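Reading the structure
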Amino acid sequence: MSSRHRVNAPDVTHESFDTEVLVINLRNGSYYSLRESAVPMWHLLAQGLEVTEVAAKIAQATSASPEQVLADVQSLVTDLTKQSLLVERPASEAPQPAEVALPSAYAKPVFDLYTDMQQLLMIDPIHEVDVTGWPVKPPTQS
Amino acid sequence: MSVDSARGSAVHAGELSPEVAARYVDDVARSFEQLHAQLGGPSRCLALGGHSLRFAFAGVKLEPAILSAIAHLPVGSDAPSLTIMGWDGAETQAALPPPPWAWPENLPPHGIFRPCGDDSLRVFVAPWSHLILMYHAATSRAFVWTRNAAELPTYHHASPLLQVFSWWTRERDLNLVHGGCVGDEDGAVLLVGKGGSGKSTTCLLAAEAGLNYLADDYCVAASAPSPVVYSLYRSGKLHRGHLQRFPRLASLAIDPNADEFEKPMIFLGEATGHRVATQLPLRAIVVPRISGLETTSFERTSPAEALRALAPSTLLQLGERQSTALQSLADLVRAVPSYRLNLGSRFETVAPGLRELIGAAAR
């Protein structure tokens with residue numbers, strides 16, 4: 001498995017602020033708040049940097065323990081891929097490094113999951129159509 | 001008939017060509033024109049967000065179900081940027097022309113279906129309400145058909161054509177947002193958050209206290225050239241608690257088709273003693289929460305928290321899937337300050353708290 005990733009667009013959309021990234025999975029209705037060092041980790045991972053490259057950049061900027069930062073990045077990547085927010089980046093798709101604001105002090109990544117909107121995405125089976133071909137309520141339901 | 005026998009050889013879901021979709025839309029428009037020629041029916045132009053909308057109905061039964069909630073909008077020009085045609089099957093004895101596509105096994109989330117697999121033609125189907133909406137962006141036409149307007153659930157009366165307005169606004173640098181909105185002479189605040197956070201109660205309390213009412217659930221906002229919010233529906237939904245808390249409003253409530261999920265509603269306006277504004281400068285995004293304290297207070301919060309309260313409920317509720325939609329909502333959040341409104345248990349403190357907040361945000 002590649003250790004380079006990209007955002008799982010178009011199902012996943014995200015917006016960044018200085019201290020938080022809001023990520024929404026439009027397919028399953030979950031949304032996520034990334035804070036603290038999860039913010040630069042998200043940006044660097046989404047650009048296609050390897051996990052080790054992300055950890056090295058953040059450890060260097062914050063003087064944190066490289067082993068600790070690497071473990072945190074790996075844990076975050078596990079969460080992000082499990083939630084289908086990041087997917088494997090094809091080998092043909094080059095990384096797109098760009099300037100990312102890095103913190104001077106290290107704070108463990110925060111990754112909060114919200115599922116309170118998922119019921120909005122429930123689907124209805126189409127059991128019946130009327131004579132003109134448009135879906136109608138099943139006759140057993142009144 | 002079963003959906004399997006109806007599928008036949010029709011074009012597979014999502015694979016209809018835009019040309020065939022356009023011809024089908026022409027067929028639907030012709031059906032409407034023929035019905036209108038036979039039966040007559042009202043038409044009206046209303047303005048929203050600097051654009052004109054033309055509504056035309058064949059027969060008379062559907063019009064009140066669609067226009068009552070938006071009757072407060074200003075009169076629009078004769079050059080509409082969207083024409084909406086509608087009829088009621090029971091009154092006209094006319095169905096929509098058969099769709100030229102086959103239905104998938106499951107209705108997609110929100111009942112929103114894209115026959116061409118893109119946004120050429122968007123269809124909202126509510127089998128439980130026997131309601132169908134269609135929006136064809138290329139010809140700026142939309143259609144609404146229902147089997148019987150008298151059977152439409154109350155929430156369709158409260159927020160008619162919601163999906164059509166969502167699609168149409170998105171193409172015009174406007175945002176249809178999930179949020180309540182009230183204001184005073186200094187401008188308006190947009191109250192955002194999931195159901196149960198206190199939005200609609202706050203809006204009703206504000207309206208009862210003499211503030212301008214713009215929305216309790218959905219409204220239209222734009223961030224540029226300056227932040228502004230437009231009222232879309234003058235309806236207010238009444239939860240069970242509201243019926244006890246606002247006996248005067250409860251006496252004015254209507255519930256065209258009540259069922260266990262329904263909330264009765266009220267159309268606010270002069271007749272109910274409320275001030276309804278159609279447009280105000282947007283001064284702040286407000287995230288209400290029940291504080292457990294007696295008095296209402298407010299404090300600044302981050303734009304990220306405001307977007308977290310606004311965006312998921314808006315995008316997921318409306319079935320939005322354009323990646324630019326979140327950016328557009330973020331632009332709105334960045335254009336004005338954000339506040340947390342700590343709702344007090346003494347309801348008489350809510351409206352003064354809001355007025356103070358609007359004043360602070362406007363300065």
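Residues numbered from 1 in each chain as written. Chains lettered and ligands numbered in written order. Predicted model: local features only at pLDDT ≥ 70, side-chain atom pairs only at ≥ 80, totals over all residues. Heavy atoms only, no water.

Thoughts on the overall build of chain B
Condition: For the purposes of this entry, the term helix denotes a DSSP run of H or I that reaches at least four residues, the term strand denotes a run of E that reaches at least two, and both are numbered from the N terminus. Atoms counted for the radius of gyration: C-alpha only. Globule rule: 2.2 Å times residue count to the power 0.38. For every residue, the accessible area (1.4 Å probe, protein chains only) is compared with the maximum for its type, and the residue is labelled buried under 20%, exposed over 50%, or partly exposed between those bounds. Pairs of residues are marked as contacts when any of their non-hydrogen atoms sit within 4.5 Å. For accessible areas, the Shrake-Rupley method is used with a probe of radius 1.4 Å. Any residue's cover is judged against the shown protein chains and nothing else. Residues counted as positive are Lys and Arg, residues counted as negative are Asp and Glu, and His and the chain ends are not counted. We put the charge of a Lys on NZ, of an Arg on CZ, of an Asp on CG and of a Glu on CD.
Per the secondary structure count, chain B includes twelve helices and 20 strands. Taken over C-alpha atoms, the radius of gyration comes to 21 Å for chain B, in line with the 21 Å a tight globule of 363 residues would show. Principal-axis analysis of the C-alpha atoms gives chain B an extent of 65 × 40 × 40 Å. Across the 363 residues in chain B, those meeting the buried criterion constitute 58%. Sequence-distant contacts in chain B: of pairs separated by 6 or more residues, those separated by 24 or more amount to 72%. Within the structure as shown, chain B displays about 13,900 Å² of accessible surface, and the carbon and sulfur contribution to it stands at 50%. Side chains of chain B carry 31 positive and 34 negative charges; the gap between the two charge centres is 4 Å.

What to know about the environment of A:P66
If you trace the backbone, A:P66 turns up in helix α3 (residues 66-82). Take A:P66: its relative accessible area is 49%, and that puts it in the partly exposed class.

Observations regarding the interface of chain A and chain B
Many authors give the size of an interface as the accessible area that is lost as the parts come together. Filter applied, for reference: In short, buried area is how much 1.4 Å probe accessible area vanishes from two parts on joining, totalled over both. Salt bridges, as used here, are contacts in which a Lys or Arg side-chain nitrogen is within 4 Å of a carboxyl oxygen on Asp or Glu.
Each side of the interface is counted separately: chain A has 36 residues, and chain B has 44 residues. Interface of chain A and chain B: buried area, both sides summed, is about 3,500 Å²; carbon and sulfur atoms make up 70% of it. Taken together, the links from chain A to chain B amount to three salt bridges. Note that A:E15 is salt-bridged to B:R334, the shortest N-O span being 2.8 Å.

What about helix α1 (residues 38-46) of chain A?
The element α1(A) is largely enclosed, with a buried count of eight among its nine residues. Residues of α1(A) that are buried include every one of A:A38, A:V39, A:P40, A:M41, A:W42, A:L44, A:L45 and A:A46, and no others.

Remarks on the side chain of B:K237
Residues and elements named next belong to chain B. Formally: As used in this structure description, the phrase polar contact means that two N or O atoms lie within 3.5 Å; if the pair is within protein, one of them must be able to donate a hydrogen and the other to accept it, and residues adjacent in sequence are counted only when both atoms belong to side chains.
Assignment of secondary structure puts K237 in strand β15 (residues 235-237). Polar side-chain contacts of K237 include one of 2.8 Å to the side chain of D217. Look past the residues within four positions of K237 in its chain and what remains in contact with it is A158, L204, D216, D217, H242, K263, P264 and M265.

Some details on the domain arrangement of chain B
All names here are of chain B. Condition: Reported domain spans reflect what an automatic or database domain assignment gives. The residue classification treats Ala, Val, Leu, Ile, Met, Phe, Trp, Tyr, Cys and Pro as nonpolar and Asp, Glu, Lys and Arg as charged. All others, Gly included, are polar.
Per the domain assignment, the segments making up chain B are domain 1 (18-170) and domain 2 (175-362). Placing a centre on the C-alpha atoms of domain 1 and another on those of domain 2 gives a separation of 27 Å. In this assembly, 32 residues from domain 1 lie in contact with 32 residues from domain 2. Roughly 2,600 Å² is buried in total at the junction of domain 1 and domain 2, and carbon and sulfur atoms are behind 57% of that figure. When the buried surface of domain 1 facing domain 2 is broken down by residue, H72, T154 and R170 rank first, second and third, together holding 28% of it. Across the contact surface, domain 1 and domain 2 share zero salt bridges. For the pair domain 1 and domain 2, the number of links is ten residue pairs in polar contact (both at pLDDT 80 or more). Elements that contribute at least two residues to the side of domain 1 that touches domain 2 include exactly α5 (154-158) and α6 (162-170). When residues of the side of domain 1 that touches domain 2 are assigned to their parent elements, the largest contribution, five residues, is made by α6. Residues belonging to the side of domain 1 that touches domain 2 are distributed by class as follows: 16 nonpolar, ten polar and six charged.

As for the sheet that holds strand β3 (residues 82-88) of chain B
By way of backbone hydrogen bonds, the strands of a sheet pair with one another, either parallel or antiparallel. Residues and elements named next belong to chain B. As a reminder, the rule being used: When DSSP finds two or more bridges between two strands, those strands count as paired. Only the stretch in contact is used when a helix axis is fitted, and all axes are lines through C-alpha atoms; the angle between N-to-C directions ranges over 0 to 180 degrees.
With respect to topology, seven strands assemble into an open sheet ordered β1-β2-β3-β8-β7-β6-β5, the strand pairing being mixed. Each edge of the open sheet is held by one strand with a lone partner, namely β1 (43-48) and β5 (112-113). Here β5 runs beside strand β6 (residues 121-126); their pairing, made up of two bridges, is antiparallel. Looking across to β6, one finds that F113 is bridged to V123. Across the sheet, helix α2 (residues 18-39) lies against β2 (51-58), β3, β6, β7 (131-136) and β8 (141-146), angled at about 60 degrees from β3, the strand it touches most. Each of β1, β2, β3, β5, β6, β7 and β8 is contacted by α6, which is oriented at about 15 degrees to β7, the strand it contacts most.

Concerning the sheet that holds strand β6 (residues 110-114) of chain A
Reading across the sheet, the four strands line up as β2-β3-β4-β6 (chain A) and stay open at both edges, with antiparallel pairing between neighbours. At either end of the open sheet lies a strand with only one pairing partner, and these are β2 (12-16) and β6 of chain A. Pairs of neighbouring strands in the sheet enclose a mean axial angle of 15 degrees, with direction left out of account. Examined bridge by bridge, strand β3 (residues 20-25) of chain A and strand β4 (residues 31-35) of chain A share five bridges and lie antiparallel to one another. Looking at β4(A), one finds that A:V21 is bridged to A:L34. Seen against the sheet, helix α10 (residues 303-317) of chain B touches β2, β3, β4 and β6 of chain A and runs at an angle of roughly 10 degrees to β3(A).

Thoughts on the packing of helix α7 (residues 199-208) of chain B against helix α12 (residues 350-362) of chain B
Residues and elements named next belong to chain B. Selection criterion: By definition in this entry, angles of less than 35 degrees are roughly parallel, angles greater than 145 are roughly antiparallel, angles of 65 to 115 are roughly perpendicular, and the rest are oblique.
It is at 8 Å that the axes of α7 and α12 come closest, and there the two elements cross at 90 degrees. Comparing the axis directions of α7 and α12 gives the class roughly perpendicular. Contacts from T202, L205 and A206 in α7 reach V350, A351 and L354 in α12. A per-class count over the contact of α7 with α12 returns five nonpolar, one polar and no charged.

A closer look at the packing of aromatic side chains
What characterises a pair of aromatic rings is the spacing of the ring centres plus the angle enclosed by the ring planes. The condition that has to hold: Stacked, edge-to-face and tilted are the three classes for Phe, Tyr and Trp ring pairs, Trp counted by its six-membered ring, which pair at centre distances within 6.5 Å; planes under 30 degrees apart are stacked, over 60 edge-to-face, the rest tilted.
Going through the model one piece at a time under the given rule, you end up with ten aromatic pairs over all chains. With a centroid separation of 5.5 Å and an interplanar angle of 15 degrees, the aromatic rings of A:Y32 and A:F111 are classed as stacked. A residue pair is termed long-range when its members are at least 10 positions apart, and A:Y32 in strand β4 and A:F111 in strand β6 qualify at 79 residues. We note that A:Y32, like A:F111, is buried. Between B:W103 and B:F113, the aromatic rings sit 4.9 Å apart at their centres with planes inclined by 40 degrees, giving tilted as the arrangement.

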